[in-house]
Amino acid sequence: MTAPVRVRMAPSPTGFLHIGNVRTALFNWLFARHHGGEFRLRIENTDTSREVAEATEQIQESLRWLGLDWDGEVTFQLDRIAECAELARRLVEEDKAYEDEGAIRFRMPDEGVTAWEDAVRGPIEFPNEKLEDLVLVRSDGRPTYNFASPMEDVWDGITHVIRGEDHISNTPKQINLIRAVGGELPVYAHVSFVLGADGKSLSKRHGSVTVDDFRHEGYYAPALVNFLALLGWSYDDKTTIMSRDELVERFDLGRVVPSPATFDYQKLDWMNGVYLRALREGEYADELVRYLRETGHDWDEQLVRRAVPIVQEKIERFGQFPDFAGFLFRDVHPDPAALDGRVAIVAAARDELQEVEPFAAPEIESALRALAARLELSPRKAFEPIRIAVTGSKVSPGLFESLELLGKEETLRRLSAVVATV
RNA sequence: GCCCCCAUCGACUAGCGGCCCAGGUCGCCACCCUUUCAAGGUGGUAGCGCGGGUUCGAAUCCCGCUGGGGGCACCA
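These numbers were taken from a predicted model, which means no experiment stands behind them.

### Some remarks on the protein's contact with RNA strand B
Looking at RNA strand B, there are 63 residues lining it, with Arg121, Arg138, Gly232, Lys314 and Arg387 nearest. Taken together, the sugar and phosphate atoms account for 74% of what RNA strand B places within 4 Å of the protein. In the environment of RNA strand B, a phosphate oxygen lies 3.5 Å from a nitrogen or oxygen atom belonging to the side chain of Lys200. Lys314 is positioned with one of its side-chain polar atoms (N or O) 2.3 Å from a base nitrogen of RNA strand B.

### Some remarks on the packing of aromatic side chains
On inspection of all chains with the given rule, the structure shows 16 aromatic pairs. On the basis of an interplanar angle of 65° and a centroid distance of 6.4 Å, the ring pair of Trp116 and Tyr188 is categorised as edge-to-face. In this pair, Trp116 is assigned in strand S6 (residues 113-118) and Tyr188 in strand S10 (residues 187-191), connecting sequence segments 72 residues apart. In this pair, the class of Trp116 matches that of Tyr188, namely buried. When the ring of Phe321 is compared with that of Phe329, the centres are 6.0 Å apart and the planes differ by 50°; the resulting orientation is tilted. Classification of Phe321 by relative accessible area gives buried; the value is 0%. A connected cluster of aromatic rings, assembled from ring pairs, spans Phe214, Tyr219, Phe227, Phe263 and Tyr265. Its guanidinium or amino end placed over the ring of Tyr235, Arg250 lies 4.4 Å from that ring's centre, counting from NZ or CZ.

### Focus on the packing of helix H15 (residues 361-375) against helix H16 (residues 379-391)
Where H15 contacts H16, the two axes come as close as 9 Å, and the packing angle between them is 115°. For the pair H15 and H16, the crossing hand works out as right-handed. On H16, the residues touching Leu368, Arg369 and Ala372 of H15 are Pro379, Ala382, Phe383 and Ile386.

### Re the environment of Arg277
Within the secondary structure, Arg277 sits in helix H9 (residues 265-278). Spatially, the C-alpha atoms of Arg277 and Ile315 are 8.8 Å apart, while their sequence positions differ by 38 residues.

### With respect to the sheet that holds strand S3 (residues 75-76)
Pairing is parallel in the open sheet, where three strands are placed in the order S1-S2-S3. Edge positions in the sheet fall to strand S1 (6-9) and S3, since each of these pairs with one other strand and no more. In this sheet, strand S2 (residues 38-43) lies alongside S1 in parallel orientation, the contact comprising four bridges. From the neighbouring strand, Arg6 faces S2, where its bridge partner is Glu38.

About the thresholds
Residues numbered from 1 in each chain as written. Chains lettered and ligands numbered in written order. Predicted model: local features only at pLDDT ≥ 70, side-chain atom pairs only at ≥ 80, totals over all residues. Heavy atoms only, no water. Near = heavy atom within 4 Å. Polar contact = N/O pair within 3.5 Å; in protein donor to acceptor, adjacent residues only side chain to side chain. Phe/Tyr/Trp six-rings, centres within 6.5 Å; stacked < 30°, edge-to-face > 60°. Helix = DSSP H or I, 4+ residues; strand = E, 2+ residues; numbered from the N terminus. Buried < 20%, exposed > 50% of the residue type's maximum accessible area, 1.4 Å probe, protein only. Lys NZ or Arg CZ within 6 Å of the ring centre and 35° of its normal. Axes fitted to C-alpha atoms, helices over the stretch in contact; angles between N-to-C directions. Left-handed = near helix turned anticlockwise from the far one by under 90°. Contact = heavy atoms within 4.5 Å. Pairing = 2+ DSSP bridges.

Everything listed here is a matter of coordinates, which is why it stays silent on function.
So, in structure tokens, the structure goes:
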């Protein structure tokens with residue numbers, strides 16, 4: 001039996017989960033699940049304020065939403081202050097560290113190089129003369145990140161440290177520290193950053209950045225996971241859409257590329273659309289209903305569910321639903337300019353639809369097509385003012401189905417309202 | 001300033017010396033379908049940063065340059 005794999009995600013509890021960190025977390029998770037190992041969640045906190053508690057809960061909620069489950073209890077760096085202090089004392093006794101104005105510093109080697117085989121970048125080495133003696137414990141007694149983090153990795157039996165490339169220059173320091181305490185070195189894998197279209201690191205001005213942002217925009221978690229997995233990793237030269245299970249089965253750290261990736265919102269939108277269209281109607285409805293509740297749209301659930309067939313093929317994010325199908329739930333205010341005086345058509349449609357029974361899509365369609373023919377207008381020309389009058393927009397779900405859902409009474413009311421105002 | 005990382009179409013990537021006058025996906029363009037918008041179908045556009053090597057042969061290996069990025073805290 002090979003040694004079990006154990007990885008961790010170690011966010012600092014400073015706020016919402018950034019999508020770049022999520023991508024790193026996802027790689028950790030995929031790696032762990034692929035190898036049947038463990039994925040731990042460790043909070044790198046330095047205090048116990050209320051903000052920390054909230055951020056910690058926020059991080060967990062985001063991971064849950066994405067379906068990235070972790071093993072064991074969440075651990076906190078702060079809980080290991082005592083162990084760190086004791087270890088630092090031992091290092092001083094062994095003359096591997098020394099006191100410096102109340103703080104404890106570790107003696108870094110002065111000659112040679114510190115090197116490791118990075119699982120995504122290959123060999124990396126740093127000249128030791130560039131390594132400064134590292135503060136392990138501050139004068140107030142708290143351990144520093146570069147001391148606590150590698151020690152926790154050792155104590156937790158972390159086998160693979162998969163983290164952002166900003167930690168590359170910390171690695172030689174941490175390696176020397178682990179060697180000094182006689183700990184087992186993990187395998188290091190430094191993944192690149194996720195950038196915005198301007199080549200700068202992804203921030204709010206680029207669009208959504210936190211998991212919460214994407215959730216509120218109406219992205220579907222499995223699609224986001226699929227998209228993120230492909231940011232810096234690929235299975236082969238042609239596979240794009242992969243289920244969670246397929247990702248787990250196929251993920252391979254060796255196929256993670258070292259170069260930074262630009263986050264392409266358009267491709268995410270496309271992929272989200274692919275996932276949403278593939279959902280079974282009932283499943284789509286459940287997700288949509290949940291999304292609308294979360295975003296504060298208190299709309300009739302039955303009507304939302306009935307609207308699914310006319311929107312599923314049309315929108316790529318749940319966030320587009322309120323604009324696209326909102327006319328079913330609230331009154332509209334057609335723009336007279338958009339109508340451009342074509343009230344006669346609206347009036348004719350009202351008269352025509354008055355007679356339609358039952359008020360169902362097929363009957364509505366034949367009535368309106370007959371009307372268009374009578375007016376000697378192309379369906380395109382004839383339907384536009386009707387669409388505007390009823391949905392308030394030039395863009396909407398299929399007209400006939402929309403009218404059926406809206407109901408005869410409300411449809412006639414909206415058509416009449418337009419006729420009356422002009 | 002010093003140290004480190006990175007470099008294939010606009011974007012994500014395949015490629016790990018000959019299968020590549022570079023393949024897939026998104027985007028974009030055109031056409032088809034069509035009640036709008038989508039979806040779908042067909043076709044197309046576009047790339048190995050530059051310069052030296054190594055080799056019979058280089059997108060692939062080596063060196064330099066250039067251009068990006070990161071790090072040099074008693075932050076994480």
